[in-house]
Amino acid sequence: MSTSTFTTDTVRELLTDRNVFPGLPDDLGEDAELVLDSLGLVWLLHVVEERYGLIVEPSDEDIAGLTSLRRLTDYLSAAAPAPAEGGRPR
């Protein structure tokens, strides 16, 4: 998977890691309120770096906006580099 292709399903799967969000509801809506504690967020960013090679360092303002599955997906998608023009994603 290309790092520029974060979907809500991908992010939902990342959130199900017991170190990120223990007990994540299976039916969590894309815009439902989501509150990640600081350790969960750090672990999520670690998993994103390990799996996709994407290093993300959100500002305090960014962190305050990560309040739903959709917003988290949008943030990671925006942080991921776009594939080179004319090239294929790695």
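Structure first, text after, so check above.
Undergrad: For the overall build of the chain, give the residues involved together with the corresponding values.
TA: Along the backbone of the chain there are four helices and zero strands. Element order for the chain, N to C, with α for helix and β for strand: α-α-α-α. Counting only carbon and sulfur atoms, one obtains 49% of the accessible surface of the chain, whose full area is about 5900 Å².

Undergrad: Would you mind going over the nonpolar core in detail, with residue names and values included?
TA: Core analysis: the biggest nonpolar cluster contains 24 residues, and Phe 6, Leu 15, Leu 36, Leu 44, Val 48 and Leu 72 have the highest contact counts within it. Counting only elements with at least two residues in this core, the list comes to helix 1 (8–15), helix 2 (38–52) and helix 4 (69–79). Counting residues per element, this core draws most heavily on helix 2, at six residues. Discounting residues that sit within four places of it in the chain, Leu 36 has contacts with Leu 15, Val 20, Phe 21, Leu 41, Leu 44 and Leu 72.

Undergrad: Quick rundown of the packing of helix 1 against helix 2? Include the residues and the values.
TA: In the contact formed by helix 1 and helix 2, the axes pass within 10 Å of each other and the chain directions differ by 120 degrees. Helix 2 is crossed by helix 1, and the crossing has right-handed handedness. Residues Thr 10, Glu 13, Leu 14 and Leu 15 of helix 1 lie in contact with helix 2, whose contacting residues are Leu 44, Val 47, Val 48, Arg 51 and Tyr 52.

Undergrad: Tell me about the pattern of salt bridges, and please be specific about residues and values.
TA: This model, assessed by the stated rule, comprises three salt bridges. The salt bridge partner of Glu 13 is Arg 51, with a shortest N-O separation of 2.7 Å. Here the residue Glu 13 occupies a position in helix 1, and Arg 51 occupies one in helix 2, the gap between them amounting to 38 residues. Looking at Arg 51, the relative accessible area reads 45%, which means it is partly exposed. Note that Asp 31 is salt-bridged to Arg 70, the shortest N-O span being 2.7 Å. A residue pair is termed long-range when its members are at least 10 positions apart, and Asp 31 in the loop between helix 1 and helix 2 and Arg 70 in helix 4 qualify at 39 residues. Overall, the relative accessible area of 54% leaves Asp 31 in the exposed class. Taken together, the shared-partner salt bridges in this structure form one network comprising Glu 30, Asp 31 and Arg 70.

Undergrad: Break down the side chain of Thr 73 for me, with residues and values.
TA: Along the chain, Thr 73 turns up in helix 4. On the accessibility criterion, Thr 73 (5% relative accessible area) is buried.

About the criteria used
Residues numbered from 1 in each chain as written. Predicted model: local features only at pLDDT ≥ 70, side-chain atom pairs only at ≥ 80, totals over all residues. Heavy atoms only, no water. Helix = DSSP H or I, 4+ residues; strand = E, 2+ residues; numbered from the N terminus. Areas by Shrake-Rupley, 256 points an atom, 1.4 Å probe, with all protein chains shown as cover. Core = buried A, V, L, I, M, F, W, Y, C linked by side-chain atoms within 4.5 Å. Buried < 20%, exposed > 50% of the residue type's maximum accessible area, 1.4 Å probe, protein only. Contact = heavy atoms within 4.5 Å. Axes fitted to C-alpha atoms, helices over the stretch in contact; angles between N-to-C directions. Left-handed = near helix turned anticlockwise from the far one by under 90°. Salt bridge = Lys/Arg side-chain N within 4 Å of Asp/Glu carboxyl O.

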